[in-house]
Amino acid sequence: MPKMLQQVMTGPGNIEFREIDVPEIKDDEVLVKMKMIGICGSDIHVWHGTHPFTSYPVTQAHEVSGVVVKTGKNVRSVKEGDKVTLEPQVRCGHCYPCRHGKYNLCEELKVMGFQTTGAASEYFAAPEVNITKLPDSFDFRNGAMIEPLAVAVHAIRRAGSIEGKDISVIGAGPIGNLVAQAAKAMGARKVIISDISSYRLDLARKVGIDKAYNTAEISYENALLDAFGPDKCDIIYDCAGNDTTMNAAIRSARKGSTIILVAVYAGMANVDLAVLNDHELDLNTTMMYRHEDFLEAISLVEEGRIDLETLQSNTFPFKKYADAYRYIDSNREKAMKVLIDVEA
């Protein structure tokens, strides 16, 4: 039986590599030779032992790209040699959300790399339903970033059509940047972004966001007024997810407009629901993505309407996985998207 290396985080801050058998695939599964892995904020929480829904040992990786090397006899959507990415949701298929097309809200939802085995290995076997084909011309680095871009696309769609709308994004980290880019690519009239990091705001300007505001220097409400005038904006996306940013959104939003929470709150919120109610604001949320969001994300990149390369901060070899985390910890502001080259 051929062997492969698999990454295993045995506890916070400790990564080992185990030699195990290359998986045998079932009739409805695909065997993928892994190429690139992206590290996300949730992975970092696991590294620090602060992720509330992950136990150890765990094999990580849910932002990935690779090449199909074998397919089960019932697989029809991909073939050997295809470039692919992974949709990492493991859903039950029988609960109410699953039966009504909202499997991202599955009552028994598990995510590869957190509650089930992730793809941080030289080869990974996954059900066909979790595999999405990438264009032949696609760069593997960009392929590993389709998953976070799908998060952004789904978030934009939670507002319905944004054609001609004015959008504000709070938080210029990787997801905030991608939400802002997706809003422009999907038809928004004007998009602004705010943060307290000059570096991240400069990146937002570089990828084409209309205006970027440092809210350590200007209040959020004044940023809205400067960008849009007294009518302010139609939709605010909170990609920072804390009491300060959510209260700023609630207290500064135009009456009757919409706020969408994209970021994951770290604890119980303490926000001004009295103003939310008095101003008849719509507070909405977003959770992961579905297959159509992956397809849209791929199309936007293929059409050149999303810049992923500018967000790629550094790349580490597979066996230097822990060094990638240490790099992120040492470069919190400037580490946007750090990648793992599985073949390096």
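Draft legend 1. Geometry of the overall build of the chain. For the chain, the helix and strand inventory stands at eleven helices and 17 strands. Its C-alpha atoms give the chain a radius of gyration of 20 Å, within 12% of the compact-globule value 20 Å for 344 residues. By its C-alpha atoms, the chain is 65 × 45 × 40 Å across when sized along the principal axes. Residues classed as buried in the chain amount to 55% of the 344 residues present. A separation of at least 24 residues holds for 69% of the contacts in the chain among residues at least 6 apart in sequence. For the chain, the accessible area works out to roughly 15,000 Å², and carbon and sulfur atoms hold 48% of it.

Draft legend 2. Region of interest: the nonpolar core. Among the nonpolar cores identified, the biggest contains 84 residues, and Tyr237 and Tyr321 are the most heavily contacted of them. Setting aside anything within four residues of it in sequence, one finds Tyr237 in contact with Ala155, Ile156, Ala159, Ile162, Ile167, Ser168, Val169, Ile170, Val179, Ile260 and Val262. With 20 residues, the next largest nonpolar core counts Ile192, Phe228, Cys233 and Ile250 among its residues.

Draft legend 3. Expanded view of the packing of helix 1 (residues 41–48) against helix 11 (residues 321–330). Two numbers describe how helix 1 lies on helix 11: the axes approach to 11 Å, and their chain directions differ by 100°. In this view, helix 1 runs roughly perpendicular relative to helix 11, as classed from their interaxial angle. Between helix 1 and helix 11, the residues in contact are Asp43, Ile44, Trp47 and His48 and Ala322, Tyr325, Arg326, Ile328 and Asp329, respectively. For the contact of helix 1 with helix 11, a count of residues per class yields five nonpolar, one polar and three charged.

Draft legend 4. Here's a closer look at the sheet that holds strand 14 (residues 258–261). On the basis of which strands lie adjacent, the open sheet formed by six strands has the order 12-11-10-13-14-15 and parallel pairing. Every other strand in the sheet has two partners, leaving strand 12 (211–214) and strand 15 (282–285) as the edge strands with one partner each. Strand-to-strand, the axes of this sheet are offset by a mean angle of 20°, without reference to chain direction. Seen against the sheet, helix 7 (residues 220–228) touches strand 10 (166–170), strand 11 (190–195), strand 12 and strand 13 (235–238) and runs at an angle of roughly 155° to strand 11.

Draft legend 5. Main features of the packing of aromatic side chains. Here the structure, examined in full by the defined rule, presents six aromatic pairs. Taken together, a centroid distance of 4.7 Å and an interplanar angle of 5° make the contact between Trp47 and Tyr325 stacked. Here Tyr325 lies in helix 11 and Trp47 lies in helix 1, a separation of 278 residues in the sequence. Across this residue pair, the class does not change: Trp47 and Tyr325 are buried. Between Phe318 and Tyr321, the aromatic rings sit 6.2 Å apart at their centres with planes inclined by 65°, giving edge-to-face as the arrangement. Aromatic rings pair up to connect Phe17, Trp47, Phe318, Tyr321 and Tyr325 into one cluster. Over the ring of Phe140 we find Lys83; its NZ or CZ atom is 4.8 Å from the centre of that ring. Above the face of the Tyr103 ring, Arg91 is positioned so that its terminal group lies 3.8 Å from the ring centre.

Draft legend 6. Spatial organisation of unusual backbone geometry. With an omega of 0°, the peptide bond between Tyr56 and Pro57 qualifies as cis. Within the element layout of this structure, Pro57 appears in the loop between helix 1 and strand 4 (63–71). A positive phi angle is found at Glu280, which is not glycine, with a value near 45°. Tracing the sequence through the fold places Glu280 in the loop between helix 9 (273–278) and strand 15. On the basis of relative accessibility, which here comes to 62%, the residue Glu280 falls in the exposed class. The phi angle at Met288 is positive, at roughly 55°, despite the residue not being glycine. Its location among the elements puts Met288 in the loop between strand 15 and helix 10 (291–302).

Draft legend 7. View of the pattern of salt bridges. Across all of its chains, the model carries 20 salt bridges by this definition. For Asp293, the salt bridge goes to Arg157, with nearest N and O atoms at 2.8 Å. Placement of the pair is Asp293 in helix 10 and Arg157 in helix 4 (residues 146–157), with a sequence separation of 136 residues. A relative accessible area of 1% places Asp293 in the buried class. For Arg157, a relative accessible area of 34% gives the class partly exposed. Residues Arg205 and Asp202 are paired through a salt bridge, measuring 2.7 Å at the closest nitrogen-oxygen approach. Within this pair, Arg205 and its partner Asp202 are both found in helix 6 (residues 198–206), separated by three residues, close to a single helical turn. The exposure class assigned to Arg205 is partly exposed, which follows from its relative accessible area of 40%. One continuous salt-bridge network, built from bridges that share partners, spans Lys33, Lys35 and Glu343.

Basis of the calculations
Residues numbered from 1 in each chain as written. Predicted model: local features only at pLDDT ≥ 70, side-chain atom pairs only at ≥ 80, totals over all residues. Heavy atoms only, no water. Helix = DSSP H or I, 4+ residues; strand = E, 2+ residues; numbered from the N terminus. Rg over C-alpha atoms; globule rule 2.2 N^0.38 Å. Buried < 20%, exposed > 50% of the residue type's maximum accessible area, 1.4 Å probe, protein only. Contact = heavy atoms within 4.5 Å. Areas by Shrake-Rupley, 256 points an atom, 1.4 Å probe, with all protein chains shown as cover. Core = buried A, V, L, I, M, F, W, Y, C linked by side-chain atoms within 4.5 Å. Axes fitted to C-alpha atoms, helices over the stretch in contact; angles between N-to-C directions. Parallel < 35°, antiparallel > 145°, perpendicular 65-115°, else oblique. Nonpolar A, V, L, I, M, F, W, Y, C, P; charged D, E, K, R; others polar. Pairing = 2+ DSSP bridges. Phe/Tyr/Trp six-rings, centres within 6.5 Å; stacked < 30°, edge-to-face > 60°. Lys NZ or Arg CZ within 6 Å of the ring centre and 35° of its normal. Salt bridge = Lys/Arg side-chain N within 4 Å of Asp/Glu carboxyl O.

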